[in-house]
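Here are the chains, one letter per residue:
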Amino acid sequence: MSVGSMRACVLAGLGLLAAMAGCGPTQRDVVVSVDNELLANDQRIEVHMVAPNPHEHDYWAERSVTEYWDNPDNAADIHRMSFSPGQPNPQQLASGEPIWDVWLKGNQAEHLFVLASLPGKPDRPGSADARRLILPLDREQWSGSQAIPIWVTKDSIRIGRPPRR
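Thresholds applied
Residues numbered from 1 in each chain as written. Predicted model: local features only at pLDDT ≥ 70, side-chain atom pairs only at ≥ 80, totals over all residues. Heavy atoms only, no water. Buried < 20%, exposed > 50% of the residue type's maximum accessible area, 1.4 Å probe, protein only. Helix = DSSP H or I, 4+ residues; strand = E, 2+ residues; numbered from the N terminus. Arc of directions from axis to C-beta. Contact = heavy atoms within 4.5 Å. Polar contact = N/O pair within 3.5 Å; in protein donor to acceptor, adjacent residues only side chain to side chain.

(A) Looking closely at helix 4 (residues 99–106). Turning to helix 4, its buried residues number three or more, namely Ile99, Trp100, Trp103 and Leu104. Each buried residue of helix 4 sits inside an arc of 105° when the element is viewed along its axis, so together they form one side. Across from the buried face of helix 4, at angles greater than 90 degrees, the exposed residues are Lys105 and Gly106. Against the buried residues of helix 4 lie strand 1 (30–34), strand 2 (45–50), strand 3 (79–83), strand 4 (91–93) and strand 5 (111–116).

This is the structure we're talking about:
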């Protein structure tokens, strides 16, 4: 094999590795912040995250969020956060947490579902429900290695940083 064709093979291999690194699911830090207004009057807000296998995607996308919060799932593959006046600070699901292995390797998840126990919101399908956020885990959807910031307000869950006060 000539040096030129060997170089071409090496470059092709590197290109394939780069392409593979750019696709597929990724685990990231997820930082959840809750608007202090929600925590007034000793209110408690629960935030649950789950990344189901692709066959369960529709179930989680269409599931009644009201029914979920009436009887929360106790499955081990759900990450739970709890916010209250005594615990108002942002909470993080770190990219190194073992739950990511369950979600990405075991479930081969493609989406992360974030559910918040916001009071007084009507059931709606998919992302139309203000209490449900569906995030793609495809690494091409996220730039760099920054954490995914989630902000929970009295009206909805959204991606983004809390407003400056």
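Further notes follow.
(B) Local environment of the environment of Arg132. For Arg132, the location among the structural elements is in strand 6 (residues 132–136). Spatially, the C-alpha atom of Arg132 lies 9.8 Å from that of Met49, the residues being 83 residues apart in sequence. From its side chain, Arg132 meets the backbone oxygen of Trp60 in a polar contact 2.8 Å long.

(C) Looking closely at the side chain of Asn107. Structurally, Asn107 is set in the loop between helix 4 and strand 5. A polar contact of 3.0 Å, which involves the side chain of Asn107, links it to the backbone oxygen of Ala51. Sequence-distant contacts of Asn107, that is, excluding residues within four places in its chain, are made with Ala51, Pro52, Asn53, Pro54, Asp77 and Val102.

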